[in-house]
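The lines below spell out each chain.
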Amino acid sequence: MTITLFFVSMVGICIMLGSKFFEIKFNKIHFLSGIFMKGDEKIHKLIELSVFKYNRYKKIANIFVFEFLPSFLYEVLIKMKDYVSKKYYSAGSQFHGRRVLRSNGAVSFFLEQLSEDKAVEKKF
């Protein structure tokens, strides 16, 4: 495999040298130089375009990874925390007999209803 590759590259180099020698000696093969120059221009444009796209997508990826994802995950975690706290509170009040914590301590649901009923009666 290595020997075959060597011979193929050697033949390619010999063909390029022969065509250049023929062009210099007779000054008649300008189209080969033109083709090579056009090919070089296209290759350089392709390299510049690929470098430009690489840098642009690199910036987009940095913005996505370091700005969007952390803020999105923070929002999701906040919503999840709120959801879990609501579920925990509702499960806890059903499990403990609907006790409500106040600044002066725990009050049963029955006493809370009595205080609300008295407040409603005073309004009328």
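Predicted model, so just to flag it, every value in this text is computed and none were measured.

Comments concerning the overall build of the protein chain
Part 1 of the argument: When helices and strands are tallied, the protein chain shows 3 helices and 2 strands.
Part 2 of the argument: Ordered by position in the sequence, the α and β elements of the protein chain form the string α-α-β-β-α.
Part 3 of the argument: Taken over 124 residues, the protein chain has a buried fraction of 5%.
Part 4 of the argument: When the accessible surface of the protein chain is summed, it comes to about 12,000 Å², and 70% of that surface belongs to carbon and sulfur atoms.

Focus on the packing of aromatic side chains
Part 1 of the argument: Scanning the model with the defined rule gives 3 aromatic pairs in all.
Part 2 of the argument: Here the aromatic cluster, defined as three or more aromatic residues joined through ring pairs, consists of F64, F68 and F72.
Part 3 of the argument: Over the ring of Y57 we find R56, and its NZ or CZ is 5.4 Å from the ring centre.

Looking at helix α1 (residues 2–26)
Part 1 of the argument: Helix length check: α1, at 25 residues, gives a terminal C-alpha distance of 36 Å against a target of 36 Å (1.5 Å per residue), a fit within 8%.
Part 2 of the argument: Count one or two residues on from α1 and you reach N27, which has phi positive near 55 degrees.

As for a nonpolar patch on the surface
Part 1 of the argument: Taken together, the side chains of F64, V65, F66, F68, F72, L73, V76, L77, M80, Y83 and V84 make up a nonpolar region of the molecular surface, amounting to roughly 1,100 Å² of accessible area.
Part 2 of the argument: Along the chain, V65 falls in helix α2 (residues 30–95).

Some details on the pattern of salt bridges
Part 1 of the argument: Across all of its chains, the model carries 1 salt bridge by this definition.
Part 2 of the argument: Linking D82 and K81 is a salt bridge whose minimum nitrogen-to-oxygen distance equals 3.7 Å.
Part 3 of the argument: By relative accessible area, which is 51% here, K81 ends up exposed.

Overview of the confidence of the model for the protein chain
Note that predicted coordinates carrying low pLDDT should not be read in detail.
Part 1 of the argument: The pLDDT averaged across the protein chain works out to 80; a share of 69% of its residues lies at or above 70.
Part 2 of the argument: Ranking the elements of the protein chain by mean pLDDT puts strand β1 (residues 100–102) last, at 51, and α2 first, at 87.

Calculation criteria
Each chain carries its own residue numbering, running from 1 in the direction its sequence is written. With the structure being a predicted model, the display of local features is reserved for residues of pLDDT at least 70 and the display and counting of side-chain atom pairs for 80 or more, all residues being used for whole-chain, interface and lining totals. The side-chain figures draw on all heavy atoms in the structure; neither hydrogens nor water molecules are used. Comment: elements are numbered from the N terminus, with helices defined as DSSP H or I runs of at least four residues and strands as E runs of at least two. Note on exposure labels: buried denotes an accessible area under 20% of the residue type's maximum, exposed denotes more than 50%, and partly exposed covers the range between, all computed with a 1.4 Å probe on protein chains only. Computed with the Shrake-Rupley method and a 1.4 Å probe, the accessible areas treat only the protein chains shown as cover for residues. Two rings from Phe, Tyr or Trp (for Trp, the six-membered ring) form a pair when their centres are within 6.5 Å of each other. A pair whose planes differ by under 30 degrees is stacked, one over 60 is edge-to-face, and the rest are tilted. Only when the NZ of Lys or the CZ of Arg is both within 6 Å of the ring centre and within 35 degrees of the ring normal is a charge said to sit over the ring. How far a helix is expected to stretch is found by multiplying one less than its residue total by 1.5 Å. Exposure above 30% relative accessible area and no salt bridge define the residues that can form patches, which grow by joining like charges within 9 Å and nonpolar side chains of Val, Leu, Ile, Met, Phe, Trp and Tyr within 5 Å. Within this document, salt bridges are pairs made up of a side-chain nitrogen of Lys or Arg and a carboxyl oxygen of Asp or Glu, the two lying within 4 Å of each other. What pLDDT conveys is the predictor's confidence in a given residue, as a value from 0 to 100.

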